[in-house]
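Breakdown of the fold
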Amino acid sequence: MPVHNADIEAIFTEIADLQEILGENPFRIRAYRNAARVIGGLGQEIRELIEVGADLTQFDGIGSDLAQKIETIVMTGTVDTLENLRREFPPGITDLLRVQGLGPKRLKQLLVELKIQNRDDLKQACEQGLVQKIRGFGAKLEAAILVSLTAQAAQGRRFLRAAVIPYVENLVGHLQKVAGVHSVTAAGSYRRGRDTVGDVDILCSAASSSPVMARFIAYDEMKDVLAHGETKSSVRLRSGLQVDLRVVPRESWGAALLYFTGSQAFNIALRKRAQDRGLKLNEYGLFPADADDEKKSQLPIIGKTEDAIFQSLEVPAIPPELREDRGEIAAALAGKLPRLVALRDIRGDLHGHTDQSDGTLTVEEVARAAKARGYEYIAITDHSKRLTVANGLDAERVLRQIDEIDKVNHLVKGVRVLKGIEVDILEDGQLDLPNTVLSRLDLVIGSVHHKFNLPEDLQTARVMKAMDNPYFTIFAHPTGRLLPDRFPYAINIPQIIEHAKKRGVVLELNANPFRLDLDDKYCRMAKEAGVLISIDSDSHTLADYDNIKHGLMQARRAWLEPKDVLNARPLAELLEIFKRRRT
Ligand code: DGT
Ligand code: CA
Ligand code: CA
Ligand code: ZN
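Notes on the structure in this doc start here. (Residues numbered from 1 in each chain as written. Chains lettered and ligands numbered in written order. Predicted model: local features only at pLDDT ≥ 70, side-chain atom pairs only at ≥ 80, totals over all residues. Heavy atoms only, no water.)

This next bit is on the overall build of the protein chain. Of regular secondary structure, the protein chain possesses 25 helices and 16 strands. Against the compact-globule benchmark of 25 Å for 583 residues, the protein chain has a radius of gyration of 27 Å, which places it among compact chains. Viewed in the frame of its principal axes, the protein chain has a C-alpha envelope of about 75 × 65 × 50 Å. Here the protein chain holds 583 residues, and 52% of them are scored as buried. Long-range pairs, those at least 24 residues apart, make up 68% of the contacts in the protein chain with a sequence separation of at least 6. As displayed, the protein chain offers around 26,400 Å² of accessible surface, 51% of which is attributable to carbon and sulfur atoms. Charge-centre separation for the protein chain: the mean point of 79 positive side chains lies 2 Å from the mean point of 82 negative side chains. (Helix = DSSP H or I, 4+ residues; strand = E, 2+ residues; numbered from the N terminus. Rg over C-alpha atoms; globule rule 2.2 N^0.38 Å. Buried < 20%, exposed > 50% of the residue type's maximum accessible area, 1.4 Å probe, protein only. Contact = heavy atoms within 4.5 Å. Areas by Shrake-Rupley, 256 points an atom, 1.4 Å probe, with all protein chains shown as cover. Lys, Arg positive; Asp, Glu negative; His and termini not counted. Charge placed at Lys NZ, Arg CZ, Asp CG, Glu CD.)

Put into structure tokens, the structure is as follows:
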């Protein structure tokens, strides 16, 4: 997950808090708090500054030591100073620091006097009335802590987009049934196709809002109603997912959809475009800038569809996946919006497992599944022998599988089964099978499945060495992240992209919704460097072949066009690329 300024701010604040509990040097503590504040207030993402090689010591309160730590956090998601401090405390300490009303001083009292280890302990102590008895606490603070603990349980997490799809579809269906409803759709980060969503924003247009609100509140997955108004409500579902609903009149549908789809940064940029043209854009529509609020209702507004608003602003319509203020408005104005890759462009899938390793399908079943999807080709890429937990293949079993694939290619017509392997990259950058075996295959996917904790330079060198092997075709799930919370291992992706370009290696966008690796930003970086991306399902079961749609969403967010995607190429071209790589 990319590190945002808010993450760095939170880490520095936690370091300061923990040092304060330990009674460490007040000047160091203040330095961390200062830096946290400065970073929290920056208008630009630190990780982007680092990407362009900016000097972080230009900012107030950031010396070379803190600059170093910031870079480490951006690369790895954490820093030793924090990890070492955390080891001095019970594992629940980070959660406890987030409880409102508890500064480091009070938390220290709780740790010492009540031996509190985590939120559950604290909740219990509050319920037993032990907390109010501590010097300086009192009944009021105890009650406030209890409220904060309850609210916190449901907050602060992001949900996998793929995991909320069933809820969204179900809820949209539920609301569509209300009489007088015209359109219902999910907006927000969900519509933009982000890998995770903070909450779901549902937009509805209807003649009257109250029946829609009533049916929303009566939805049977509902747990808490957080806010309930005439046109706007917020609820929490039993799964913990927050859903915001807005009901708007039909005349404002397009304007509201545009606004609530966001992103916020995109909205600001588009509003500026409106201002520059003497117009005012908000969630109700597009107005002359000088219209005051009273007269507004009488003016003809443009707001019924997103397209109508884009047209009035003389901006070609920008797909939701691109609305992040990453240059899409300028590209649209220059007539250079990408023709985004779509499912119909995908001609095959190059990463999938069979029952020979940890999958469930036979080679023949894989071939038939691919044919049923209308694919031109499908690759079998089982694990290699080091991955014993997945029953990885040794040389002999690979050769047997090659024979089997030949047989299936005779049997099942109309789709080509490609011979591949997902070979482990060993710690020294060697591959887990000899080249004499790899040379018999059509393609070789390389993966890091162990030794995740190497320092960044060694991890990067390990993978680059593996890429030097002429049989190495695709680098799979390059950062190893697992959503929503396993950080990527430390690896220098810009350097990997550069090396991939040099060697003609393809990078994977693993479409498993827990991975989506490379992410959208790195895929775009690869595209710009001229490195091909392979969007692969990494299937272990029949249902997994559908993962491709999650991968496509990220590919679109990365501005990828069919020409940037390896498996949008016809078979003959694909085989040519594989062959070229080996010579
Ligand atoms: P999330 O929920 O964290 O995954 O991200 P979003 O983008 O869905 O954000 P959310 O749910 O807070 O708001 C939905 C959209 O509403 C957001 O993308 C843009 C719009 N929006 C919300 N607050 C503001 C605001 O203060 N200014 C502007 N310009 N737009 C906003
Ligand atoms: Ca949202
Ligand atoms: Ca929201
Ligand atoms: Zn795999």
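Moving on: the environment of arginine 33. The topology assignment puts arginine 33 in helix 2 (residues 26–40). Assessed through its relative accessible area of 28%, arginine 33 is described here as partly exposed. In sequence terms arginine 33 and valine 366 are 333 residues apart; their C-alpha atoms lie 56 Å from each other.

This part covers the nonpolar core. Formed by 61 residues in total, the largest nonpolar core has its most connected members in Phe475, Leu507 and Ile535. Sequence-distant contacts of isoleucine 535, that is, excluding residues within four places in its chain, are made with Ile346, Leu509, Ala511, Ile548, Gly551, Leu552, Ala555, Val565 and Asn567. (Core = buried A, V, L, I, M, F, W, Y, C linked by side-chain atoms within 4.5 Å.)

Packing of helix 2 against helix 4 (residues 64–76) brings their axes to within 12 Å, and their N-to-C directions diverge by 55°. Relative to helix 4, the element helix 2 is oriented oblique. Note on packing geometry: the crossing formed by helix 2 with helix 4 is right-handed. Only Asp65, Leu66, Lys69 and Ile70 of helix 4 make contact with helix 2, whose side of the interface consists of Arg28, Ala31, Tyr32, Ala35 and Ile39. Here the residues of the contact of helix 2 with helix 4 sort into 6 nonpolar, no polar and 3 charged. (Axes fitted to C-alpha atoms, helices over the stretch in contact; angles between N-to-C directions. Parallel < 35°, antiparallel > 145°, perpendicular 65-115°, else oblique. Left-handed = near helix turned anticlockwise from the far one by under 90°. Nonpolar A, V, L, I, M, F, W, Y, C, P; charged D, E, K, R; others polar.)

Before going further, it helps to examine the coordination of the calcium ion (ligand 3). Bound to the calcium ion (ligand 3) on the protein side are Asp199 (OD), Asp199 (OD), Asp201 (OD) and Asp244 (OD), at distances that span 2.2 to 2.8 Å. Of note, the calcium ion (ligand 3) draws all its donor residues from one chain, in the sequence arrangement D-x1-D-x42-D. In this structure, the calcium ion (ligand 3) lies 3.7 Å from the calcium ion (ligand 2), and both are coordinated by aspartate 199. Separated by 43 residues along the polypeptide, aspartate 201 in strand 4 (residues 200–206) and aspartate 244 in strand 7 (residues 242–248) bring together distant segments of the chain. Assessed through its relative accessible area of 18%, aspartate 201 is described here as buried. (Donors = N, O, S within 2.8 Å, 3.2 Å for Na, K, Ca; no water.)

Strand order in the open sheet formed by 5 strands is 2-4-7-6-5, with mixed pairing between adjacent strands. With partners counted over all chains shown, the strands left at the sheet margins are strand 2 (181–186) and strand 5 (222–228), one partner each. Shown here is a sheet whose adjacent strand axes are inclined to one another by a mean of 20°, direction ignored. Pairing analysis gives 6 bridges linking strand 4 to strand 7, with the strands arranged parallel. Looking at the pairing, leucine 203 lines up with arginine 246 of strand 7. Here helix 10 (residues 161–176) sits on the sheet and contacts strand 2, strand 4, strand 6 (232–237) and strand 7; the angle it forms with strand 2, its principal contact strand, is near 170°. Its contacts with the sheet place helix 13 (residues 253–261) against strand 2, strand 4 and strand 7, and it is angled at close to 175° to strand 4. (Pairing = 2+ DSSP bridges.)

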